[in-house]
Amino acid sequence: MKKDMQNTPQEEMMNVVMVGHVDHGKSTVIGRLLADTDSLPEGKLDLVRENCKRNSKPFEYAFLLDALKNEQAQGITIDTARCFFKTKKRRYILIDAPGHIEFLKNMVTGASRAEAAMLVIDAARGVEENTRRHGYFLSMLGIHQVVVLVNKMDLVEYKQSVFEDISRQYAEFLRKIEIQPQAFIPVSGYAGDNIACPSERMPWFSGMTLLEQLDEFQNALPADKQPLRLPVQGVYKFTENNDSRRIIAGTVEAGTLKMGDEIVFYPSGKRTSVKSLERFNDSCDRPFCSQEAAAFTMTNQIYVKRGEIACRVEELAPHVGVRLRVNLFWLGKSRLDKNRNYFFKCGTAKVSMQLEAVERVVNASDLSCLSRQYVEKNEVAECIFLLDSPVAFDLAGSCEASSRFVIVDNYEIAGGGIITEALEAEDFDKRNIRWAAGSVGIEERKKLNKHKGLIVWMTGLSGAGKSSIAEDVERQLVSAGIHTYVLDGDKLRHGLNSDLGFSQREREENVRRTAELASILEDAGLVTIVTLISPFAEGRAFARSRSRQSFVEVYVKARLETCIKRDPKQLYRKALEGKISDFTGISSAYEAPTEPDLVLDTDIWTEEECVEVLFNNIMSRVAE
């Protein structure tokens, strides 16, 4: 590559994938584009011409990309090829993806990181099955910046009618999959028409050249400007020479990481700060940027493991869950079926999973839908997955690296796609999963206890009545033979969470620890009643995500004036006098639940009425 092609941190860059049916001329178009923009390594073009002459083969621009000997022998592109060129506006990475149906797995891999696409159609052959299939794959991957090149116009004598017929036919198909192409361009990769320069052979076309159209594409938000996403690749502990560092290592997929950053790991929710940035034989404190391999130490030596994602505390958090709606490409030797175990891989996380439901199987050629609960090879489907343990992920259209996944079947990558929705884990208790905490499964404990585990999360202002109601309900549940335990906020503050204060960060840590403990007790089969103010919606959402069986959010509602009037511990009085800072309802906000599972309004109901309603609600849930 020429020196002036080297990338600098300030340069704008875009990944563009080239797709199309086999033999429609994708590689030729790219080869011509590189040659016409003087983007080839010095002497490369002459070398390929000489090789063709020596072997008595006609020169083809595709040979600039088809580096593998067997590819040149067969005349098809098997693997994805990457090449680079730049314009005055930006630097490009062009990805030539295979077009043959047998190599769709490679095509999907090539398109997985692209922001835009060039789709090639042979003017002499028109729209074929794989042409439609590739268009649908681009749609399913969320790639909507598309230019369609009607190639080999030289073979149809540059006829305008041929170009218009193909454009009309394919535009109608793309409209059905919600892709509005930026342009249809008539080109000849072989002759160079409308690639880098306007064609004199097609005066009837007044649109942009391919090169001009590429510069019209819009870049997504630069990866360094996105929220931090650093999947943990490994954790390394040193002991030699009293070196006690625990180094977290991984690749920054998005955002930046610098010293002093407060970070939280998902799905565990554990928090710490970056103490130092570690580089091999380098003490530079320059932040780690997107796509850089990174390593750092922590101020608090918390336990994290491979598969978690490091994020900044103040930035948008990823989703955490076990139940996902996805768009899936299935490329496995055996069909995707229910009642089988697969591995789900997203970032560095790898967890066992099952297919819960196939919502629809789509014929990518004619967009017809099939209603069946399995997916065959080379089919596209919308599915619901159920994972054996929580993972952190983003939804398609946000962070690319953590919204796309692959499925492993018998040690081979058998499928992949994008996550479109995070779903509630309502069916999670229907499977007998053996958690890392022990060898006894959920169903076994349910039989032993004669009821399932449950987390009852009671939130509300201080003085609303949470603890009083919980204690009375606990007595009634125990009398009814239900294994129950109350995690009271005050008790936790004097024990497990005695090292925490009342800043927002410490309140969040208080909720996180309590949620983890409640999850363990729920896993043991107990009805666990939590009474915490838990003022922030994000913390309560995290607590719900840690539930492995059933979770009920109870809003113990009371007006602030009522709570101040009750004030059994004289806390409001002290807060109003300025003796207590960061007090919820006075000097710190309380985010009331918008959609709680149950509301107990203690301004209206007596304590006895609240106890009765909550007791009956719990009894109906544990008996399910």
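Above this text you will find the structure in question.
Residues numbered from 1 in each chain as written. Predicted model: local features only at pLDDT ≥ 70, side-chain atom pairs only at ≥ 80, totals over all residues. Heavy atoms only, no water.

Draft legend 1. Fine view of the overall build of the protein. Tallying secondary structure elements over the protein gives 15 helices and 26 strands in all. When contacts within the protein are restricted to residue pairs at least 6 apart in sequence, long-range pairs at least 24 apart make up 73% of them. Roughly 29000 Å² of accessible area belongs to the protein as shown, and the carbon and sulfur atoms make up 49% of that amount. (Helix = DSSP H or I, 4+ residues; strand = E, 2+ residues; numbered from the N terminus. Contact = heavy atoms within 4.5 Å. Areas by Shrake-Rupley, 256 points an atom, 1.4 Å probe, with all protein chains shown as cover.)

Draft legend 2. Spotlight on the packing of helix α9 (residues 466–479) against helix α15 (residues 607–622). The geometry of α9 relative to α15 is characterised by a closest axis approach of 9 Å and an angle of 50° between their N-to-C directions. When the interaxial angle is binned, α9 and α15 end up oblique. Of the two elements, α9 crosses α15, and the hand of that crossing is right-handed. Contacts between α9 and α15 pair Ser-468, Ile-469, Asp-472, Val-473, Gln-476 and Leu-477 from the former with Glu-607, Cys-610, Val-611, Leu-614, Phe-615, Ile-618 and Met-619 from the latter. Considered class by class, the residues forming the contact of α9 with α15 number nine nonpolar, two polar and two charged. (Axes fitted to C-alpha atoms, helices over the stretch in contact; angles between N-to-C directions. Parallel < 35°, antiparallel > 145°, perpendicular 65-115°, else oblique. Left-handed = near helix turned anticlockwise from the far one by under 90°. Nonpolar A, V, L, I, M, F, W, Y, C, P; charged D, E, K, R; others polar.)

Draft legend 3. A look at the environment of Gln-373. Of note, Gln-373 is situated in the loop between β17 (369–370) and β18 (374–375). By relative accessible area, which is 32% here, Gln-373 ends up partly exposed. Separated by 12 residues in sequence, Gln-373 and Val-361 have C-alpha atoms that sit 8.7 Å apart. If we ignore the near neighbours within four places in the chain, the residues touching Gln-373 are Asp-337, Lys-338, Leu-355, Glu-356, Ala-357 and Val-358. Engagement of the side chain of Gln-373 in a polar contact is seen with the side chain of Lys-338, the distance being 3.4 Å. Reaching out from Gln-373, the side chain makes a polar contact with the backbone oxygen of Val-358 at a distance of 2.9 Å. (Buried < 20%, exposed > 50% of the residue type's maximum accessible area, 1.4 Å probe, protein only. Polar contact = N/O pair within 3.5 Å; in protein donor to acceptor, adjacent residues only side chain to side chain.)

Draft legend 4. Focus on a negative patch on the surface. A cluster of acidic side chains, namely Glu-471, Glu-607, Glu-608, Glu-609 and Glu-612, defines a negative patch on the protein surface. Ranked by residues supplied to the negative patch, first place goes to α15 with four residues. Locating Glu-612 in the fold gives a position in helix α15. (Patch = residues over 30% accessible without salt bridge, like charges linked within 9 Å, V, L, I, M, F, W, Y side chains within 5 Å. Salt bridge = Lys/Arg side-chain N within 4 Å of Asp/Glu carboxyl O. Lys, Arg positive; Asp, Glu negative; His and termini not counted. Charge placed at Lys NZ, Arg CZ, Asp CG, Glu CD.)

Draft legend 5. Main features of the nonpolar core. Counting 62 residues, the largest nonpolar core has Met-118, Leu-138, Leu-149, Tyr-170, Leu-210 and Leu-214 as its most contacted members. Core analysis: the second largest hydrophobic core is formed by 31 residues, Val-554, Ala-558, Tyr-590 and Phe-615 among them. (Core = buried A, V, L, I, M, F, W, Y, C linked by side-chain atoms within 4.5 Å.)

Draft legend 6. Seen up close, unusual backbone geometry. Looking along the chain, the bond that leaves Tyr-266 and enters Pro-267 is cis, with omega of 15°. Looking at the element boundaries, Pro-267 is found in the loop between β9 (262–266) and β10 (270–277). In this structure, Lys-152 is a non-glycine residue whose phi angle is positive, near 60°. Within the element layout of this structure, Lys-152 appears in the loop between β5 (146–151) and α6 (160–176). Judged by relative accessible area, Lys-152 falls into the partly exposed class, the value being 22%. Phi is positive for Asn-194, which is not a glycine, with a value near 60°.

Draft legend 7. Expanded view of the sheet that holds strand β24 (residues 527–531). With parallel pairing, the five strands of this open sheet are ordered in space as β23-β24-β22-β25-β26. Taken across any chain shown, the strands that pair with only one partner, and hence form the sheet edges, are β23 (484–488) and β26 (598–601). Going across the sheet, the axis of each strand differs from the next one's by a mean of 20°, ignoring polarity. In this sheet, β24 lies alongside β23 in parallel orientation, the contact comprising five bridges. (Pairing = 2+ DSSP bridges.)

Draft legend 8. Layout of the pairing of strand β1 (residues 13–20). Burial analysis of β1 places seven of its eight residues in the buried class, the great majority of the element. Pairing between β1 and strand β3 (residues 91–96): six bridges, direction parallel. From the neighbouring strand, Met-13 faces β3, where its bridge partner is Arg-91. By the bridge criterion, five bridges tie β1 to strand β4 (residues 116–122) in an arrangement that is parallel. Along β4, the bridge assignment pairs Val-17 with Ala-117.

Draft legend 9. View of the packing of aromatic side chains. This model, assessed by the stated rule, comprises 10 aromatic pairs. Plain terms: the ring middles of Phe-385 and Phe-405 are 5.8 Å apart, the flat faces sit at 80° to each other, and that makes the pair edge-to-face. Of this pair, Phe-385 sits in strand β19 (residues 379–393) while Phe-405 sits in strand β20 (residues 404–409), and the two are 20 residues apart along the sequence. Like Phe-385, the residue Phe-405 is buried in the burial classification. Among the aromatic residues, those joined into a ring-pair cluster are Phe-163, Trp-204 and Phe-205. (Phe/Tyr/Trp six-rings, centres within 6.5 Å; stacked < 30°, edge-to-face > 60°.)

Draft legend 10. Just the pairing of strand β7 (residues 230–237), in detail. Bridge analysis of β7 against strand β12 (residues 309–312) gives two bridges, and the strand direction is antiparallel. From the neighbouring strand, Leu-230 faces β12, where its bridge partner is Ala-310. Here β7 runs beside strand β8 (residues 246–251); their pairing, made up of five bridges, is antiparallel. Counterpart to Gly-234 in the pairing with β8 is Ala-249.

Draft legend 11. Structural detail: the packing of helix α11 (residues 504–523) against helix α12 (residues 537–545). Where α11 meets α12, the axes come as close as 9 Å, and the angle between the chain directions of the two elements is 15°. Classified by the angle between their axes, α11 and α12 sit roughly parallel to one another. Here the hand of the crossing between α11 and α12 comes out right-handed. Between α11 and α12, the contacting residues are Val-511, Arg-512, Ala-515 and Glu-516 on the first element and Gly-539, Phe-542 and Ala-543 on the second. Class assignment for the residues of the contact of α11 with α12 results in four nonpolar, one polar and two charged.

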